[in-house]
Amino acid sequence: MRTTVGLWFLGFSAVALQRSLVPQLAIGGVTADLVVASVVAVAIALGGISAAWYAICTGLAFDLLSLRPAGVGALSLCAVALLVLWVRPTLRGIGIWVVPVVGIAGSFLSGLFYLIGLALVGEEAFFSIDSLTTLAWRSLYDGMLTLPVLLVVMAVLGRNERHVPIGSKPL
Amino acid sequence: MNRERRRRTWFLGALVILLIVVMVDRRSPTALDPVRNVLGSVFSPTEGALRVVTKPVSNLWDNISSNDLRDQIDELELQNEQLNEELSSLRESVAQSNALTHLDDALVVSDFEGPIARVVAGSPSNFETSVIIDKGEDDGVGIGNPVVSGAALVGRVERVGPNQATVRLILDRDSTIGFRLGRSREAGVITGLGSEGQLRGELIDPEADATLDEPLLTRDVESGLYPPNLLIGTVADEPPQPGGAVVREFDVEPAFDLHTLEFVRVLDWVPSEETVFPPVGGEEPLVDGVLIR
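Draft legend 1. Region of interest: helix 5 (residues 98-120) of chain A. Residue and element names in this part refer to chain A. Given a rise of 1.5 Å per residue, 23 residues ought to cover 33 Å, and the 32 Å separating the end C-alpha atoms of helix 5 matches this to within 8%. Buried-residue contacts for helix 5 involve helix 2 (34-46), helix 4 (72-87) and helix 6 (129-157). Backbone geometry just after helix 5 places Gly122 at a positive phi near 100 degrees.

The following block contains the structure:
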C-alpha cells in the first residue's frame, strides 16, 4: 500500500516540478529531466515490474501535458526502466558512484529512444546533431540529479540499503 | 507463477494500449483533448502553487547564473532603446507596405482586445519550445489565440486550463508560418529551429529576393492561423542568389527575445472555422493552415 501511494506521489511530484520549477533552473538553455531521473531512481530502488508501470504512467501524464505526440515519451521511459531493471542485479556492491553513471546512461538512452520514436511518427527534424548535443548535456545534468532523487525515492517508498543494491558492501 | 504471468500480460497489454495512444494522437491530435483537459485541471493548481513556493529558489538561481546584474540591466536598457527605434521604423515599413497594397484597413496589434499575461515557466522539455502563461480560460484565453510581445508575434495558444495556458512559440520546430516580406511583399514560409532562438525562412518564388533587415509579416491568408501583418522578425542573412542554390533558405531573427520574454498579450482572435489545424509532423505539408502541394 505504502509503495503504491508513494509511487503516485512521486510521479505526480516529478511531473508537477518538471513543469514548474525545473525549467527555471536550466543551465545554458538545457533543462534537466526530473521525470527521467525519477524513473531511473525508482527502477534502482524498487526493482520489479512496478518500476516499469511507474515509467509508463508518469511518462504518459507528462506526454499528455506537453505539445509533442502522446505516448512516445512514455514508451522511451518504459524502455529505460526495463534496461535499468535488467542491469540492477549487477549494481550490487559496486558503490554509490554508480548511481549518477546509471542516471547519465538512462537519461541519454531515454532521449535517444524518444528522438527515434519522434522520427518514426514523422517528426524526423528532431533527430539532429543539435538535439544529440542537448541530450548529452541533459544527461550530465540528470546524472547529478539521480542520487538525490534516489534518496528521496528511498525515503518515500520506505526502502533502505538492504533493498537497494548501491552500497559498497555486498548484501 | 500464475500471478507473475498475469502481471506480465497486463504489462504487455499496457504497452499495446500505449502504441494505440501514439497512433490515435497522430491521426487525430484533438482526440485526447478531454484527457488532457482533466490532467491539466489536476496539475494546474499544484504547478501554480509550486511556482509561488519555489520562487525564491528560481530567483536565487537567476542571480547565480547572471554574472553581473548591473551590466545586464545596462545592456537591456540599451537593447530596449534600440528595439524602440527598430519598432518605429518597422511600423513605418508596415504602414508603407499597407498603403502600397491598398490595405489601409488592415488590422494592427492595437486593434485587438486581449489580456496581458505573465510568462511563468519556460519549456518543460528540451524538445519543445513553449512557454506557460498565467492567464487561462477564466480570462478569456482560448486555443488558437495568437500571442504577441509588443508588436512581435510570439506564438499561439495550444493548451488552455482555467488559470494558465501553454503557448507554442514560433521558434518551435513544429511551427510553420506563411509570411510576406515587408518591402517587396514576396511570400514565403518560416519554420522554427527550436530553442536556438532562430527561425529559417524560405521564399516561395525561386527568383524572389530578400534584403538584410527586411521585416517579415504574417501573410493575409484566408483561414490562416494568424491575423495578417503581425511582425514575425527580420531577415538576418540574405538568401543565396537565384540559381545559385537549390534551396534558398535564409536566417530570420525573431522580433522578440526568448530569454527576456516576461509579459505577453493574448489577442482575442481565433482562426476561422475552415482553418485546418496542421497535424504535428503530419504527412500533409500545411503552412499557416493552407495546404501546400
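Draft legend 2. Just empty space enclosed by the protein, in detail. As enumerated under the stated definition, the model contains one cavity of 30 Å³ or more in all. Looking at the largest cavity, it is lined by 24 residues, and the ones nearest its centre are Asp33, Phe62, Tyr114 and Arg138 of chain A together with Ser125 of chain B. Counting residues per element, the ones that place at least two in the lining of the largest cavity are helix 2, helix 3 (49-65), helix 4 and helix 5 of chain A. It is helix 4 of chain A that provides the largest number of residues to the lining of the largest cavity, a total of four residues. For the lining of the largest cavity, the class distribution of residues is nine nonpolar, ten polar and five charged.

Draft legend 3. Layout of the packing of aromatic side chains. A complete count under the given rule lists four aromatic pairs over all chains for this structure. Seen from their ring centres, Trp53 of chain A and Phe11 of chain B are 6.0 Å apart, and the 75 degrees between their planes marks the pair as edge-to-face. Highlighted residues: Trp53 of chain A in helix 3 and Phe11 of chain B in helix 1 (residues 2-27), drawn from two different chains. Judged by relative accessible area, Trp53 of chain A falls into the partly exposed class, the value being 29%. With a centroid separation of 5.7 Å and an interplanar angle of 45 degrees, the aromatic rings of Tyr114 of chain A and Phe127 of chain B are classed as tilted. Taken together, the positions of Tyr114 of chain A in helix 5 and Phe127 of chain B in the loop between strand 1 (116-121) and strand 2 (130-133) put the pair across two chains. On the basis of relative accessibility, which here comes to 9%, the residue Tyr114 of chain A falls in the buried class. You can call Phe127 of chain B buried: its relative accessible area is 5%. Arg173 of chain B extends its terminal NZ or CZ atom over the ring of Phe126 of chain A, reaching a point 5.8 Å from the ring centre.

Draft legend 4. Structural context of the layout of surface pockets. All names here are of chain B. Estimated volume of the largest pocket: approximately 1,800 Å³. Looking at the lining of the largest pocket, the elements that each hand over two or more residues are helix 2 (33-53), helix 3 (55-65), helix 4 (69-100), strand 1 and strand 2. Among the residues forming the lining of the largest pocket, the class breakdown is 16 nonpolar, 24 polar and nine charged.

Draft legend 5. Structural context of the interface of chain A and chain B. Tallying the contact residues gives 51 residues for chain A and 48 residues for chain B. Contact between chain A and chain B buries roughly 4,400 Å² in total, counting both sides, with carbon and sulfur atoms accounting for 67%. Broken down residue by residue, the surface that chain A buries against chain B is led by Arg19, Leu64 and Leu67 of chain A, which jointly contribute 18%. Applying the counting rule to chain A against chain B returns four salt bridges. Across the pair Arg68 of chain A and Asp172 of chain B runs a salt bridge whose closest N-O atoms are separated by 3.0 Å. Between the two partners, chain A and chain B, sit 14 residue pairs in polar contact (both at pLDDT 80 or more). Of all the secondary structure elements, the ones that give two or more residues to the side of chain A that touches chain B are helix 1 (2-20), helix 3, helix 4, helix 5 and helix 6 of chain A. Among the elements that line the side of chain A that touches chain B, the one with the most residues is helix 3 of chain A, at ten residues.

Draft legend 6. Molecular detail of unusual backbone geometry. Residue and element names in this part refer to chain B. A positive phi is found at Asp213, a non-glycine position, where the angle reads about 70 degrees. Along the chain, Asp213 falls in the loop between strand 8 (199-203) and strand 9 (215-218). Even without being glycine, Asn229 reaches a positive phi, approximately 70 degrees. Note that Asn229 resides in the loop between strand 9 and strand 10 (231-235).

The rules we used
Residues numbered from 1 in each chain as written. Chains lettered and ligands numbered in written order. Predicted model: local features only at pLDDT ≥ 70, side-chain atom pairs only at ≥ 80, totals over all residues. Heavy atoms only, no water. Helix = DSSP H or I, 4+ residues; strand = E, 2+ residues; numbered from the N terminus. Expected span 1.5 Å × (residues − 1). Contact = heavy atoms within 4.5 Å. 1 Å grid on protein atoms, 1.4 Å probe; cavity = no way out; pocket = protein on both sides within 12 Å on 5 of 7 lines; lining within 4 Å. Points joined across faces, edges and corners; volume = space filled by probe spheres on them. Nonpolar A, V, L, I, M, F, W, Y, C, P; charged D, E, K, R; others polar. Phe/Tyr/Trp six-rings, centres within 6.5 Å; stacked < 30°, edge-to-face > 60°. Buried < 20%, exposed > 50% of the residue type's maximum accessible area, 1.4 Å probe, protein only. Lys NZ or Arg CZ within 6 Å of the ring centre and 35° of its normal. Buried area = accessible area lost by both parts, 1.4 Å probe. Salt bridge = Lys/Arg side-chain N within 4 Å of Asp/Glu carboxyl O. Polar contact = N/O pair within 3.5 Å; in protein donor to acceptor, adjacent residues only side chain to side chain.

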